[in-house]
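This is what each chain is made of:
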Amino acid sequence: MLQIKSEQDIALMREPNAIVRDCLKFVGDRIHAGMTTKEVDALVYDFIKASGAEPSCLGYCGYPASACVSVNEVVVHGIPDDRVICEGDIVSVDLCAYKNGFHGDGARTFCVGEVSPEKRKLVRVTEECFFRGIEGLKAGAPLYDIGYRVQKHAEANGFSVIRAYTGHGIGREMHEDPSVPNYGKRGTGMRLPAGAVICIEPMIAAGTWRVRVAEDGWTAVTTDGRPAAHYENTVVIREDGVEILTL
Ligand code: MF3
Ligand code: CO
């Protein structure tokens, strides 16, 4: 069941979401070749703690870190480890913060140094997919219009939409109803009410949309080994549009 948030709830959600926004910026300013994904996770943990929040991902269903750090062919849920980030890599950082009884959630994909034109385009188009997704979005809009627009933009650029993972509602729980796919049929799905808070998170691949989950039970990689990118914001549905809490 979708939980509609009151204005008071939304006011409380601003802080964890601002922490997510600022943490993503903080990480983006510091990520560099030679760093391990574990070191990226440490930046996230320290930033969230110093902000007086809790890293929601840590311990979630046994997840062992504060951030998902997904390099190149890793689509999402990359567990931070000793993998060294290299010049030319694209690195998706996905993180959640919990404060005031609510969660915030966001992701960005960073280009490290000089990146190939294909990867650069993939990162740009993935971000554009989010903004296409929210185009015209307001109370009463059909849920699957979001995915319809995301998919249209991704495929028009020769890329594919990851099917196995979706966006989601968010609030007192990190994952609430509804599921928000990045593909879909226009005009279908529930009508989104004002006060719904959802995470819209296009995950776009350069090649196939098929993924395989590694032995660790988390790390999702493209089956063709080609790169994928991820971009996510937490968004409030309003009568007249959307309010983005993580920008
Ligand atoms: N932040 C992710 C999302 O967008 C959740 C990561 S799964 C976790 O839904 F286990 F790492 F928390
Ligand atoms: Co999310």
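Here the structure is a predicted model, which means the values were calculated and not measured.

Colleague: Kindly report on the side chain of Asp145, identifying the contributing residues and their values.
Modeller: Along the chain, Asp145 turns up in helix H4 (residues 144–156). For the buried Asp145, no salt bridge exists, and the shortest N-O distance to an oppositely charged side chain is 4.2 Å, to Arg149. Within the local environment of Asp145, its side chain forms a polar contact with the backbone nitrogen of Gly187, the two atoms lying 2.5 Å apart. Among all residues touching Asp145, those that are not within four sequence positions of it are Arg186, Gly187 and Thr188.

Colleague: Run through the packing of helix H3 (residues 117–133) against H4, naming residues and quoting values.
Modeller: Close contact between H3 and H4 brings their axes to 8 Å; oriented N to C, the two are set at 145°. In the packing of H3 onto H4, the handedness of the crossing is right-handed. Of the residues in H4, those touching H3 at Val125, Glu128, Cys129, Arg132 and Gly133 are Ile146, Arg149, Val150, His153 and Ala154. Considering only residue class, the contact of H3 with H4 consists of five nonpolar, two polar and three charged.

Colleague: Break down the coordination of the cobalt ion (ligand 2) for me, citing the residues and quoting the values.
Modeller: Taken together, the protein donors to the cobalt ion (ligand 2) comprise Asp105 (OD), His168 (NE2), Glu201 (OE) and Glu232 (OE), at separations of 2.0 to 2.4 Å. If you look at the cobalt ion (ligand 2), its six donor atoms make angles of 48 to 171° with each other, and the shape they trace is irregular. The motif formed by the donor residues of the cobalt ion (ligand 2), counted along the single chain, is D-x62-H-x32-E-x30-E. Taken together, the residues span a long stretch of sequence, with His168 in strand S7 (residues 167–169) and Glu232 in the loop between strand S13 (228–230) and strand S14 (233–238) at a distance of 64 residues.

Colleague: Describe in detail the pairing of strand S15 (residues 241–244), supporting the description with residues and values.
Modeller: As judged from the four bridges shared by S14 and S15, these two strands associate in the antiparallel manner. Each bridged residue has a counterpart across the sheet, and for Val235 the counterpart in S15 is Ile244. The antiparallel pairing of S14 with S15 creates a hairpin that spans two residues between the two strands.

Rules used throughout
Residues numbered from 1 in each chain as written. Chains lettered and ligands numbered in written order. Predicted model: local features only at pLDDT ≥ 70, side-chain atom pairs only at ≥ 80, totals over all residues. Heavy atoms only, no water. Helix = DSSP H or I, 4+ residues; strand = E, 2+ residues; numbered from the N terminus. Buried < 20%, exposed > 50% of the residue type's maximum accessible area, 1.4 Å probe, protein only. Lys, Arg positive; Asp, Glu negative; His and termini not counted. Salt bridge = Lys/Arg side-chain N within 4 Å of Asp/Glu carboxyl O. Polar contact = N/O pair within 3.5 Å; in protein donor to acceptor, adjacent residues only side chain to side chain. Contact = heavy atoms within 4.5 Å. Axes fitted to C-alpha atoms, helices over the stretch in contact; angles between N-to-C directions. Left-handed = near helix turned anticlockwise from the far one by under 90°. Nonpolar A, V, L, I, M, F, W, Y, C, P; charged D, E, K, R; others polar. Donors = N, O, S within 2.8 Å, 3.2 Å for Na, K, Ca; no water. Tetrahedral: all angles 85-135°; square planar, octahedral: opposite > 155°, others 65-115°. Pairing = 2+ DSSP bridges.

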